[in-house]
Amino acid sequence: MSGEKKVLVVANYDELSRVAAEKFVFHANTMVQRKGFFTAALSGGSTPNGLYMRLASDPYRGQVPWQKVHLFWGDERCVPPDHPDSNYHTACELLLKKVTIPEENIHRIHAEQEDRNRAAAEYEQMLRIFFRLGAEGYPCFDLILLGMGEDGHTASLFPGASVLEETRRLVVASYIEKRGDYRLTLTVPVLNHAANVIFLISGESKATVLRKVLEGKRHPQCLPSQLVQPANGRLLFIVDSMAARELKCYSRIKIQTK
Ligand code: 6PG
């Protein structure tokens, strides 16, 4: 299992969402059976929306042991939780309001706080308590979902940002120059301590950056997604054929639609 990396090329966005939902259901049930609960950090952006809508509807809604699922976020924009840009708000509208996950199992990042560093420290403290870490160590999420921007960023780990070098803190607040906003993000060591990391990448606009990340030179300062290499976990890229169109090394596995 350690350091395993796979790329699954599916026909289109609908298939990507379906396959992602099946993976979520599988990991949730596997972990609940194994240890009684499941921890997943959701990604932001729009790509996971199809996954959220599938998980909120049959058959997948009934296949997830929601009472034993704990949801976190890989990053959050510094806006109120009811703001359309909030990653929590998106998940809430598309998924959380439609499934029976207990309120106390939803661990949103309170990024709306004026003092962003304090908000990051509070989320970190919550993670340390939840994962029983003490002052050191990193949480091992059962699953971390990630997206990838056209510049190769993931979560809120953007090219050239100092947070890319962070090895001690679990959560960092940073100003995103190119977006003109502040965000809170899990740091690279946290992503790399996960048991399973799944990138969901869709669309022609991601084709060039995906080729660079997967098949180009290693340049993590410019392509932060290359930093995601779970030491003892599985790394899976679920990409649709438009995003995969420039890839040379990965076969196009057509997932049969049911
Ligand atoms: C965010 C995400 C970010 C996102 C990518 C891809 O808060 O925006 O964490 O890393 O996953 O920018 O976004 P799309 O899925 O919208 O292309």
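Rules used in this analysis
Residues numbered from 1 in each chain as written. Predicted model: local features only at pLDDT ≥ 70, side-chain atom pairs only at ≥ 80, totals over all residues. Heavy atoms only, no water. pLDDT = per-residue confidence, 0-100. Contact = heavy atoms within 4.5 Å. Helix = DSSP H or I, 4+ residues; strand = E, 2+ residues; numbered from the N terminus. Pairing = 2+ DSSP bridges. Axes fitted to C-alpha atoms, helices over the stretch in contact; angles between N-to-C directions. Buried < 20%, exposed > 50% of the residue type's maximum accessible area, 1.4 Å probe, protein only. Near = heavy atom within 4 Å. Polar contact = N/O pair within 3.5 Å; in protein donor to acceptor, adjacent residues only side chain to side chain. Areas by Shrake-Rupley, 256 points an atom, 1.4 Å probe, with all protein chains shown as cover. Nonpolar A, V, L, I, M, F, W, Y, C, P; charged D, E, K, R; others polar. Core = buried A, V, L, I, M, F, W, Y, C linked by side-chain atoms within 4.5 Å. Salt bridge = Lys/Arg side-chain N within 4 Å of Asp/Glu carboxyl O.

1. Observations regarding the confidence of the model for the protein
- For the protein, mean pLDDT is 95; residues scoring 70 or higher make up 96% of the total.
- Confidence drops under pLDDT 50 across residues 254-258; counting only partners more than four residues distant or on other chains, this segment forms 12 contacts.

2. Focus on the environment of Lys212
- In this structure, Lys212 sits in helix α6 (residues 207-215).
- Separated by 24 residues in sequence, Lys212 and Val188 have C-alpha atoms that sit 19 Å apart.
- Beyond its immediate chain neighbours, meaning those up to four positions away, Lys212 contacts Lys217, Leu223 and Gln226.

3. Details of the sheet that holds strand β9 (residues 234-240)
- Strand order in this open sheet of 6 strands is β1-β9-β8-β5-β2-β3, and the pairing throughout is parallel. A single partner strand is all that each edge strand has here, and the edge strands are β1 (4-10) and β3 (69-73). Strand-to-strand, the axes of this sheet are offset by a mean angle of 20°, without reference to chain direction.
- Sheet topology places β1 next to β9; 7 bridges connect them, and they run parallel. Pairing of Val9 across the sheet is with Val239, part of β9.
- In this fold helix α4 (residues 116-130) packs onto β2 (38-42) and β3, with an angle of close to 150° to the strand it touches most, β3.
- Set on the sheet, α6 makes contact with β1, β8 (196-201) and β9; between it and β9 the angle comes to about 155°.

4. Quick word on unusual backbone geometry
- For the peptide bond that leads from Asp58 to Pro59, omega is 0°, which places it in the cis range.
- Phi angles above zero are rare outside glycine, and Ala155 is one such case at about 50°.
- Residue placement: Ala155 occurs in the loop between β5 (143-146) and β6 (171-176).
- What makes Ala155 buried here is its relative accessible area of 13%.

5. Quick word on the side chain of Ser17
- With respect to the helices and strands, the residue Ser17 is situated in helix α1 (residues 13-35).
- Apart from residues no more than four positions distant in its own chain, Ser17 is found in contact with Gly50, Leu51 and Arg54.

6. Overview of the site of the ligand
- Taken together, 15 residues lie near the ligand, and Thr47, Arg77, His153, Ala155 and Lys206 sit nearest.
- Interatomic distance of 2.8 Å between a side-chain N/O atom of Asp75 and an oxygen atom of the ligand.
- The separation between an oxygen atom of the ligand and a polar main-chain atom of Ala155 is 2.7 Å.
- Taken by itself the ligand offers 410 Å² of open surface, and the protein chains cover 88% of this.
- Within the shell around the ligand, the residues separate by chemical class into 2 nonpolar, 9 polar and 4 charged.

7. Quick notes on the sheet that holds β6
- The strand order β4-β7-β6 describes an open sheet built from 3 strands, whose pairing is antiparallel. The sheet is open, and its two borders are formed by β4 (75-77) and β6, each paired with just one other strand. With direction set aside, neighbouring strand axes in the sheet form an average angle of 20°.
- Sheet topology note: the β4/strand β7 (residues 181-186) ladder contains 3 bridges and is antiparallel. Within β7, the residue paired with Arg77 across the bridge is Arg183.
- Against the sheet, α4 touches β6 and β7, its axis set at about 150° to β6.

8. Some words on the nonpolar core
- Core analysis: the largest hydrophobic core is formed by 85 residues, its most contacted members being Leu55, Leu96 and Phe141.
- It is α1 that provides the largest number of residues to this core, a total of 9 residues.
- Among all residues touching Phe141, those that are not within four sequence positions of it are Thr39, Ala40, Ala41, Phe72, Leu127, Phe131, Leu186, Val190, His193, Ala194, Ala195 and Asn196.

9. Re the pattern of salt bridges
- Scanning the entire structure with this criterion turns up 16 salt bridges.
- Salt-bridge contacts for Arg169 lead to Glu166; the nearest nitrogen and oxygen are separated by 3.0 Å.
- For Glu166, a relative accessible area of 13% gives the class buried.
- Among the ionic pairs, Glu246 bridges to Arg211, the shortest N-O distance being 2.8 Å.

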